[in-house]
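Working through the structure, step by step
The residues making up each chain are set out below.
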Amino acid sequence: MSGTQLTVTLSGGGADDARAVVRALEGTFGAPDELPADENATVHTATFDGEGETGPAGGGGEVSGRLSAPVTVTVQGTPEAVRRASDTLTRAFTARDDGAASGDQEQERELLLEP
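Residues numbered from 1 in each chain as written. Predicted model: local features only at pLDDT ≥ 70, side-chain atom pairs only at ≥ 80, totals over all residues. Heavy atoms only, no water.

**Some remarks on the nonpolar core**
- Formed by 24 residues in total, the largest nonpolar core has its most connected members in Leu6, Val73 and Leu89.
- The biggest single contributor to this core is helix α1 (residues 15–29), with 7 residues.
- With residues near it in sequence (within four places) discarded, leucine 6 still touches Phe29, Ala46, Thr47, Phe48, Val75, Gln76, Gly77, Ala81, Val82 and Ala85. (Core = buried A, V, L, I, M, F, W, Y, C linked by side-chain atoms within 4.5 Å. Buried < 20%, exposed > 50% of the residue type's maximum accessible area, 1.4 Å probe, protein only. Helix = DSSP H or I, 4+ residues; strand = E, 2+ residues; numbered from the N terminus. Contact = heavy atoms within 4.5 Å.)

Structure, rendered in structure tokens:
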């Protein structure tokens, strides 16, 4: 499905928390460009090309919504990709929607995921 690229930026928590969030999105978007790995980074980024399942959000296996610390997640992409990512993350984690911004062809949403 073209036009479903999604960029995810994560801050707070550690690399394990970032990987947990990215893995939660894999069932919906397929594998990311790479998993967050740098244990010393304060911000992690992953990009999905949207080649995963095109069915309902959360199409992958069950994901444990356990984090060691609050994680702020910003998802950016097409409105459909952002909606699917938001739906997936709010099912997998305790989440608070911190707002959205829309452009002509892209949307951005920020969520706070809590342990």
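**With respect to the packing of aromatic side chains**
- Per the stated rule, a full pass over the model turns up 1 aromatic pair.
- Taking the centre distance of 5.8 Å and the plane angle of 45 degrees together, the rings of phenylalanine 29 and phenylalanine 48 count as tilted. Of this pair, phenylalanine 29 sits in helix α1 while phenylalanine 48 sits in strand β2 (residues 43–48); the two residues are 19 residues apart in sequence, bridging distant segments of the chain.
- Overall, phenylalanine 48 belongs to the buried group, its relative accessible area being 0%. (Phe/Tyr/Trp six-rings, centres within 6.5 Å; stacked < 30°, edge-to-face > 60°.)

**Things to note about the sheet that holds strand β4 (residues 94–102)**
- Taken in spatial order, the 5 strands line up as β2-β1-β3-β5-β4 in an open sheet, and their pairing is antiparallel. Each edge of the sheet is formed by a strand with only one pairing partner; in this case those strands are β2 and β4. Shown here is a sheet whose adjacent strand axes are inclined to one another by a mean of 20 degrees, direction ignored.
- Pairing of strand β1 (residues 6–11) with β2 involves 6 bridges; the strand directions are antiparallel. Considered in β2, the bridge of threonine 9 is made with threonine 45.
- Relative to strand β3 (residues 71–77), helix α2 (residues 79–92) is tilted by about 155 degrees, and along the sheet it contacts β1, β3, β4 and β5 (107–114). (Pairing = 2+ DSSP bridges. Axes fitted to C-alpha atoms, helices over the stretch in contact; angles between N-to-C directions.)

**Brief notes about the pairing of β5**
- Pairing of β3 with β5 involves 7 bridges; the strand directions are antiparallel. Directly across from threonine 74, in β5, lies its bridge partner glutamate 110.
- Between β4 and β5, which follow one another and run antiparallel, lie 4 residues.

**A look at α1**
- For α1, with 15 residues, the first-to-last C-alpha span of 20 Å sits near the 21 Å given by 1.5 Å per residue.
- The buried fraction of α1 amounts to 12 of the 15 residues, a majority that puts the element mostly inside the structure.
- By the burial criterion, the buried members of α1 are Ala15, Asp17, Ala18, Arg19, Ala20, Val21, Val22, Ala24, Leu25, Gly27, Thr28 and Phe29.
- Of the surrounding secondary structure, the elements contacted by the buried residues of α1 are β1, β2, β3, α2 and β5.
- Within two residues after α1, glycine 30 carries a phi angle of roughly 85 degrees, on the positive side. (Expected span 1.5 Å × (residues − 1).)

**Focus on the packing of α1 against α2**
- Where α1 meets α2, the closest approach of the two axes is 9 Å, and the angle between their N-to-C directions is 125 degrees. By the criterion of interaxial angle, the relationship of α1 to α2 is oblique. Once α1 is placed against α2, the crossing between them reads as right-handed. Judged by residue contacts, Val21, Ala24, Leu25, Thr28 and Phe29 of α1 engage Ala81, Arg84, Ala85, Thr88, Leu89 and Ala92 from α2. (Parallel < 35°, antiparallel > 145°, perpendicular 65-115°, else oblique. Left-handed = near helix turned anticlockwise from the far one by under 90°.)

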